[in-house]
Amino acid sequence: MSIDATSTNPNAEKVNDLPIVQLIGINKVFYADDLETHALNDVNLQITKGEYISITGPSGCGKSTLLSLLGLLDTATGGEYTLAGHNTHGLSREERAAIRNKEIGFVFQAFNLISDLSVAENIELPLTYRNDISKALRQSMVEDALQKVDMQHRANHYPSQLSGGQQQRVAVARAIAGNPSLILADEPTGNLDSKNAAVVMSLLDQLHQQGATICMVTHDPKSALRAQRTIEIFDGKIVVDQINEVTQAIAV
Amino acid sequence: MSVAIDIKYAARLLAKKPRFTALTILIVAIGLGLTLYTYSLLNQLLFSDIKFADNKPVYIIEGTYDKTHLERREANAIDLYNLKNDTSIIDELGLYVEGTTFVGEPGGTLRKFNASYVSSNLFSFTGIKPMLGRSLLPSDHEDGAEEVLVIGYDMWQGYFNGEQDIVGKTVSIDGDDPAKIVGIMPQGFAFPAIADMWQPLDEEAIAPTKRNRRWVSSFVKLKDSISLNEARSVLKTTNLSIANSLDDNWRWLVDDGEYLTIEPMKKAHLLQYHGMFIALMFVVILILALACINVGNLLLSRVNERIKEVAVRIALGVPQQRLILQMLLESIFICSIGGILGLLLAGYGLDITNSVLRDIFKIDGYMPYWWSLAIDGSGIALLVATVILMIVVTGLIPATQSLRSDFNALLRDGTRGALSKRAARTTKVLVVSEIILSCVVLIMASIILISTYSASNADYGVETENRLTATLQLPPSEFEIRSDTEFEYEDRLRRSAFYYALKDELTRRDNIENAIFMTQLPGTGGGTSYFEIEGRAAEVFDENPYSNNEGISHGELNTLGMRVVDGRDFNFQDAEDGARSILVNESIARDFFPEGDAVGSRVRRASQAQENTNDWFTIVGVVSDTFHGSLMDISSAQYNTYHSMDNWGPWRMQIALHYVGHEQLARNTLIDAINTVNSNVGMYNLQSYNELIKKPTLLIASVSKIFLICGIVAAFLAASGIYAVAANSVQQRTQEIGVRRALGAPDNLIVRMFIVQASWQLIVGVCAGIGISLWLISLMSSTMVFSLNTLIVAMVGMPLIIVFMVLLATLVPTKRVIEKEPAYALHYN
Ligand SMILES: Nc1ncnc2c1ncn2[C@@H]1O[C@H](COP(=O)(O)OP(=O)(O)OP(=O)(O)O)[C@@H](O)[C@H]1O
Ligand SMILES: [Mg+2]
């Protein structure tokens, strides 16, 4: 797959220099079986629009937890989370659902496609949760997303008929179909072989080039380096937060 | 041994979840217990054949079952006689009539005994010989032959104190008829009914020369080459030819081609409950199926819980049979223990039923001798077979289900999302079957429960507290019946006079308020005939209204709390020869004489033969409503007419008396009064009014209790099963809920998704359930009548309860998942 560099606005990062995510003093404690787990400890983080961030760290350090909080799949036990200028504290369940639907796209390690729905229906699913999109528009958005991940030929297949790499491409298409402002990916290549992993990674690069804000958890240092910025978590704390100099070189 | 490891593993799994294990065992025990109980009940009361040494099934041939009164009808003797001689289906045919005989010296105390009047071949038919003396001989039937008795062992030991030289002795029966005891039957001999003694039928019943009024039942063995169905079709043609040969007076005998019928002997005794028992059988089979599905589903949800472990085992190369065996082990354990408990439950239930059966026949002793229930070899065989079936069903549901899952995907993704589509389909099928079964079971159980409950709690329109009843029988030797002679009216008056003399004697006593005589007291009887209102005859006689008709003594209605509403009670005028007065009840007056013109109108018995134009009866009074007849059917009870007993003088009457003080005292008073007036009159079935009206309902009441238990069990199984399968189907989709919520699905959409799914399952399940119920009801309706209200309550109420249960069982687990953060559902495994 090649990247059409001409379609990318070279000034994108500068234009969208607004913080889309702002975490201040975030804590997350799990209580299970009389055991308190401090999954996140005083996490402060700011993500600006158009950024491509990778999150790394040893197993159990709190990466997925952080991503769940960012994606409003879970709530923090302490601290403040501002998403696109809105404080997320005190949002109703419906409001949180609406934000997840419009502003956030998820890509999971385990693909998490719905097995009863075809590829096209899976991609269409989040769009059906919106009231303001006509069926025709939905269809064309699905077409677009399918095209971006190069899966048009499988639109009517079911997830079980696809390879892992293909499933993950569909999952990416589902995440981006609604033009979210933030894409959250938790080890998107964790279940894939290196060839398929490379395909998915370059998909993410491509999305980033087109202006998407991406937050990706990964164990693979090489993948991490494809992001502009790397955050390293250790024991629930951010211990490293740095800009990757070599990003562009690898991307091309 | 590796299997030993598996057994240990299964035991550990069960021990780890004691509540789950107890619940599944309980469900199995209830399902199996009910099955075994019902099988034993039906097999011994209904399905197994009665056979003697020659191993040929015994059938009953008699008149068509009377559906209006739910009563058996005897056949005209000549038709059975011709059937035996003119067709070639019958190997052996014996005749019998159940009756009552009083034994005792003239002037002394009379004892009532149940007598079977039989044909002499009874003893060769059964192959059982008397232990002393001889059995009946063909010559005993002849006119003018010496009166003889064959008595039973219990009567010999009880009444005759086991006297050694009893055979040959002459005793007095029915007043002062001498009869010679010629033989003693061995202990336990009770064919064709439990009886104390056997007496020969008269010649006109055995070998009638023309159509007469001799009514008999017959017990038969068919020729070896003849099947029951072939016999039925022969009877069908026989009935048609009988119908064609009848003259006008007898035309009613064959109604629409229906007359002689043949049924297996056991079934013939239970025809009125046959439909109910068949319904019981279906309900129990459905409950068993429900129990299977519930346990299967519970085990399935357990396998789903450890599906990953199963996947790992498969990855490790466990052989298929080994894996299936492992899953079956749990079922084997649960079903075997459940089976043992079920056996105990069934035994306990049968004990209770036995005591109920004994209660039913406590007073009259007419219990069919095979009505004694026990778990026999075939019951145990059925239990073992059912246990094996349950093991297979409950074990194979989860086993095949998990084998079919896509283990590769399961291991690769480590998620439940990989559970195959088949798994989801299994769950859907389970939910729908659960709904169908619950629906049918609850509908059937509630219909029969409501019907039987209202039958056993019917209001008969009479006071029953402090009322005593008995049946009186006048001895023919003293109270002759000289029909069609100049003495006829005189005889009638004499018989009536006895009853009034007894009433006077009774009311002289301090503890007796009043006494009334009726051919059949309210709560019993019910002899329906069509009546024609003068000037308003229907085109066809059986389109006229019908009523139950009783003979009654005059002036004593208040004994039972009955009232004259309009006109007058009977009085001395109605005793005149040829006086034709009649009383009708309020229902008749209201429904057929709405203008209030009942009194003074004339009615007569409607029949096909219209030539008797003089038998119009004038309505002289309207009395309060009472209910006679069958309890499952109020049709015969609704309309009642009464004739005066005064110019009729029935030779057998029921008496009801209103007493004060102790019941025992009143019993003694009645016996004493009878002995004072005429000690040769027989009295039997002495019981309180409450006992009298309870008796016909006892069997229904006890079956109703079985249905109540079935209903409770079904409701419990349905509720727990529906909850489990619905919760299971939500649980299976927990991760999907997480994904959908991550994609931004609002809560109400998720809830709606599950409600829509449940609604489809409900529509399919409830429609099928109602359809099956309707079919079952049509099966039963030939012997049972259900009120529209009952049907509506059951057909609408029960499905509503199920809809409610399913929606609740869907909403609660869905809500529970939604209440948690989406992250939880996403990582749910
Ligand atoms: N629902 C939960 N209940 C209790 N503890 C939890 C829960 N979810 C996560 N934890 C704990 O919080 C800590 C952080 O978990 P998290 O899933 O964020 O780790 P991770 O960094 O994503 O690890 P990995 O790289 O292995 O996926 C762990 O110690 C984990 O055990
Ligand atoms: Mg993780």
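From a predicted model like this one, the values you see are computed outputs, not experimental measurements.

### As for the state of the cysteines
All names here are of chain B.
Item 1. Throughout the structure, instances matching the rule amount to zero disulfides over all chains.
Item 2. Cysteine Cys335 is unpaired, with the sulfur of Cys292 as its nearest cysteine sulfur at 7.4 Å.
Item 3. The class for Cys335 is buried, based on a relative accessible area of 0%.

### Details of the pairing of strand β9 (residues 177-184) of chain B
All names here are of chain B.
Item 1. In this sheet, β9 lies alongside strand β6 (residues 132-133) in antiparallel orientation, the contact comprising two bridges. Looking across to β9, one finds that Gly133 is bridged to Gly183.
Item 2. Alignment of strand β7 (residues 148-151) against β9, held across four bridges, turns out to be parallel. Considered in β9, the bridge of Val148 is made with Lys180.
Item 3. Where strand β8 (residues 170-173) folds back onto β9 in an antiparallel hairpin, the turn is made up of three residues, including Asp174, whose phi is positive at roughly 45 degrees.

### Remarks on the sheet that holds strand β2 (residues 35-48) of chain A
Residue and element names in this part refer to chain A.
Item 1. With antiparallel pairing, four strands are arranged side by side in an open sheet as β2-β1-β4-β5. Each edge of the open sheet carries a strand with a single partner, namely β2 and β5 (86-87).
Item 2. Where strand β4 (residues 78-83) lies against β5, two bridges are found, and the strand directions are antiparallel. Note that in β5 the partner of Thr82 across the bridge is Asn87.
Item 3. Packing against the sheet, helix α2 (residues 63-70) makes contact with β1 (19-32), β2 and β4, and its axis sits at approximately 120 degrees to β1.

### A look at the domain arrangement of chain B
Item 1. Looking at chain B, the domain boundaries give domain 1 (1-51 + 273-414), domain 2 (59-223), domain 3 (425-462 + 690-829) and domain 4 (475-680).
Item 2. On a C-alpha basis, the centroid separation for the pair domain 2 of chain B and domain 4 of chain B is 31 Å.

### Overview of unusual backbone geometry
Item 1. Along the chain, Phe191(B) connects to Pro192(B) via a cis peptide bond; the corresponding omega equals 0 degrees.
Item 2. In this structure, Pro192(B) sits in the loop between β9 and β10 (197-200).
Item 3. The phi dihedral of Ala84(A) is positive, around 50 degrees, even though this residue is not glycine.
Item 4. Along the chain, Ala84(A) turns up in the loop between β4 and β5.
Item 5. Take Ala84(A): its relative accessible area is 44%, and that puts it in the partly exposed class.

### Quick look at a negative patch on the surface
Residue and element names in this part refer to chain B.
Item 1. Residues Glu147, Asp176, Asp177 and Glu478 make up a contiguous surface patch of negative charge.
Item 2. Its location among the elements puts Asp177 in strand β9.
Item 3. Its relative accessible area of 30% is what places Asp177 among the partly exposed residues.

### Some thoughts on the site of ligand 1
Residue and element names in this part refer to chain A.
Item 1. Every residue near ligand 1 is listed here: Phe30, Thr37, Ala39, Ser59, Gly60, Cys61, Gly62, Lys63, Ser64, Thr65, Glu187 and His219.
Item 2. One of the side-chain nitrogen or oxygen atoms of Lys63 is found 2.7 Å away from an oxygen atom of ligand 1.
Item 3. Take Thr65: an N or O atom from its side chain is 2.5 Å from an oxygen atom of ligand 1.
Item 4. Starting from 630 Å² of accessible surface for ligand 1 in isolation, the protein chains cover 63%.
Item 5. For the shell around ligand 1, the element with the highest residue contribution is α2, accounting for three residues.

### Some words on the packing of helix α9 (residues 271-305) of chain B against helix α11 (residues 320-360) of chain B
Residues and elements named next belong to chain B.
Item 1. Two elements in contact, α9 and α11, have axes whose closest approach is 11 Å; the angle formed by their N-to-C orientations is 145 degrees. The interaxial crossing formed by α9 with α11 has right-handed handedness. Residues Leu299, Arg302 and Val303 of α9 pack against Met327, Glu330, Ser331 and Ile334 of α11.
Item 2. In terms of residue class, the contact of α9 with α11 is built from four nonpolar, one polar and two charged.

### Here's the deal with the sheet that holds strand β9 (residues 229-234) of chain A
Residues and elements named next belong to chain A.
Item 1. Here six strands make up an open sheet; going across it, the order is β6-β7-β8-β3-β9-β10 and the pairing mixed. Edge positions in the sheet fall to β6 (104-107) and β10 (237-243), since each has one partner strand and no second. Going across the sheet, the axis of each strand differs from the next one's by a mean of 15 degrees, ignoring polarity.
Item 2. With four bridges connecting them, β6 and strand β7 (residues 182-186) associate as parallel partners. Residue pairing for β7: Ile104 is matched across the bridge by Leu182.
Item 3. Its contacts with the sheet put helix α3 (residues 93-103) on β6 and β7, and the angle it makes with β6 is roughly 75 degrees.
Item 4. In the packing of helix α6 (residues 164-176) onto the sheet, contacts are made with β6 and β7, and the angle to β6 comes to roughly 170 degrees.

### Topic: the pairing of strand β22 (residues 652-659) of chain B
Residues and elements named next belong to chain B.
Item 1. The buried fraction of β22 is high, at seven of eight residues.
Item 2. Here strand β13 (residues 467-473) pairs with β22 via seven bridges, running antiparallel. Residue pairing in the sheet places Arg467 in a bridge with His658 of β22.

### Comments concerning the pattern of salt bridges
Residue and element names in this part refer to chain B.
Item 1. In the structure shown here, the tally under the stated rule is 34 salt bridges over all chains.
Item 2. Between Lys56 and Asp91 there is a salt bridge; the shortest N-O distance is 2.5 Å. Of the two residues, Lys56 is situated in the loop between α2 (18-47) and β1 (59-66) and Asp91 in strand β4 (residues 90-103); the sequence distance between them amounts to 35 residues.
Item 3. The buried category is assigned to Lys56, whose relative accessible area is 17%.
Item 4. Asp591 is paired through a salt bridge with Arg590; the nearest N and O atoms lie 3.2 Å apart.
Item 5. Here Arg590 falls in the partly exposed class, since its relative accessible area comes to 49%.
Item 6. Salt bridges here are not isolated pairs; linked through shared partners, they connect Glu505, Arg508, Arg509 and Asp672.

### Let's talk about the interface of chain B and chain A
Item 1. In this assembly, 25 residues from chain B lie in contact with 27 residues from chain A.
Item 2. At the boundary of chain B with chain A, total buried surface from both sides reaches about 2,300 Å², with 51% on carbon and sulfur atoms.
Item 3. Applying the counting criterion to the chain B and chain A interface returns two salt bridges.
Item 4. Close ionic contact of Asp747(B) with Arg93(A) constitutes a salt bridge, the shortest N to O distance being 2.8 Å.
Item 5. On the surface where chain B and chain A come into contact, there are nine residue pairs in polar contact (both at pLDDT 80 or more).
Item 6. Contributing elements (two or more residues each) for the side of chain B that touches chain A: α13 (407-413), α20 (734-742), α21 (747-780), α22 (788-819) and α23 (822-826) of chain B.
Item 7. Here the side of chain B that touches chain A takes six residues from α20(B), the largest share from any one element.
Item 8. Its residues assigned to classes, the side of chain B that touches chain A comprises 10 nonpolar, six polar and nine charged.

### Here we look at the packing of aromatic side chains
Residues and elements named next belong to chain B.
Item 1. Enumeration according to the criterion identifies 18 aromatic pairs over all chains in this entry.
Item 2. Between Phe52 and Phe125 the ring centres are 6.3 Å apart and the planes differ by 80 degrees, which places this aromatic pair in the edge-to-face class. With Phe52 in the loop between α2 and β1 and Phe125 in helix α4 (residues 122-126), this pair connects stretches of sequence that are 73 residues apart.
Item 3. Judged by relative accessible area, Phe125 falls into the buried class, the value being 1%.

### Re the confidence of the model for chain B
Residue and element names in this part refer to chain B.
Item 1. Residues with a pLDDT of 70 or more make up 91% of chain B, whose mean pLDDT is 84.
Item 2. Averaged pLDDT values over the elements of chain B bottom out at 53 in helix α17 (residues 635-638) and peak at 95 in strand β14 (residues 512-518).
Item 3. Low pLDDT (under 50) marks residues 414-418, which in the prediction has 19 contacts with non-local residues, meaning those over four places away or in another chain.
Item 4. The ipTM value of the predicted complex is 0.82, and its pTM value is 0.72.

### Considering helix α7 (residues 194-209) of chain A
Residues and elements named next belong to chain A.
Item 1. Over its 16 residues, α7 extends 22 Å from the first C-alpha to the last, a length consistent with the 22 Å expected when each residue adds 1.5 Å.
Item 2. Those residues of α7 that fall on the buried side of the exposure criterion are Ala197, Val200, Met201, Ser202, Leu203, Leu204, Asp205, Gln206, Leu207 and His208.
Item 3. Measuring from the side-chain oxygen of the N-cap residue of α7 to the backbone nitrogen of Lys195 gives 3.0 Å; that N-cap residue is Asp193.
Item 4. Where α7 ends, the next residue or the one after it, Gly211, has phi of about 110 degrees, a positive value.

Criteria and cut-off values
- Every residue gets a number counted from 1 within its own chain, in the order that chain's sequence is written.
- Just so you know, chain letters begin at A and ligand numbers begin at 1, following the order they were written in.
- Confidence filtering applies because this is a predicted model: local features only for residues at pLDDT of at least 70, side-chain atom pairs given and counted only at 80 or more, and all residues used for totals across whole chains, interfaces and linings.
- Each side-chain value is worked out from all heavy atoms of the structure, with water and hydrogens disregarded.
- To count as a disulfide, a pair of cysteine sulfur atoms needs to be within 2.5 Å.
- Relative accessibility under 20% of the residue-type maximum defines a buried residue, over 50% an exposed one, and the middle range a partly exposed one, all with a 1.4 Å probe and only protein chains included.
- Here, a strand pair is defined by DSSP locating no fewer than two bridges between the strands.
- In this text, helices come from DSSP runs of H or I with a minimum length of four residues, and strands from runs of E with a minimum of two, each type numbered from the N-terminal end.
- Residues are treated as being in contact if the distance between any of their heavy atoms lies within 4.5 Å.
- An axis is simply a line fitted to the C-alpha atoms; with a helix, the fit covers only the stretch in contact. Between two such axes, the angle follows the N-to-C directions and lies from 0 to 180 degrees.
- Annotation comment: domain bounds sourced from an automatic or database domain assignment.
- What makes a patch is a set of residues exposed beyond 30% relative accessible area and free of salt bridges, joined within 9 Å when like-charged and within 5 Å when nonpolar (Val, Leu, Ile, Met, Phe, Trp, Tyr).
- Only the protein chains shown count as covering a residue, and every accessible area follows the Shrake-Rupley method with a 1.4 Å probe.
- Whenever Lys or Arg places a side-chain nitrogen within 4 Å of a carboxyl oxygen from Asp or Glu, that contact is recorded as a salt bridge.
- His is not counted, nor are the chain ends; Lys and Arg add positive charge and Asp and Glu add negative charge.
- Where a charge lies is defined by one atom per residue type, namely NZ (Lys), CZ (Arg), CG (Asp) and CD (Glu).
- Nearness of a residue to a molecule or strand requires only that one of the residue's heavy atoms be within 4 Å of it.
- Counting of polar contacts relies on pairs of N or O atoms within 3.5 Å, with two restrictions inside protein: one atom must be capable of donating a hydrogen and the other of accepting it, and residues adjacent in sequence are counted only when both atoms are side-chain atoms.
- In this scheme, a crossing is called left-handed if the near helix is turned counterclockwise away from the far one by less than a right angle; it is called right-handed if the turn is clockwise.
- Classification convention: Asp, Glu, Lys, Arg as charged; Ala, Val, Leu, Ile, Met, Phe, Trp, Tyr, Cys, Pro as nonpolar; all other residues, Gly among them, as polar.
- By convention, the term buried area covers the 1.4 Å-probe accessible surface removed from two parts as they join, with the contributions of both added.
- Two rings from Phe, Tyr or Trp (for Trp, the six-membered ring) form a pair when their centres are within 6.5 Å of each other. A pair whose planes differ by under 30 degrees is stacked, one over 60 is edge-to-face, and the rest are tilted.
- Confidence scores labelled pLDDT are given residue by residue by the predictor and lie between 0 and 100.
- Every helix has an expected span of 1.5 Å times one less than the residues it contains.

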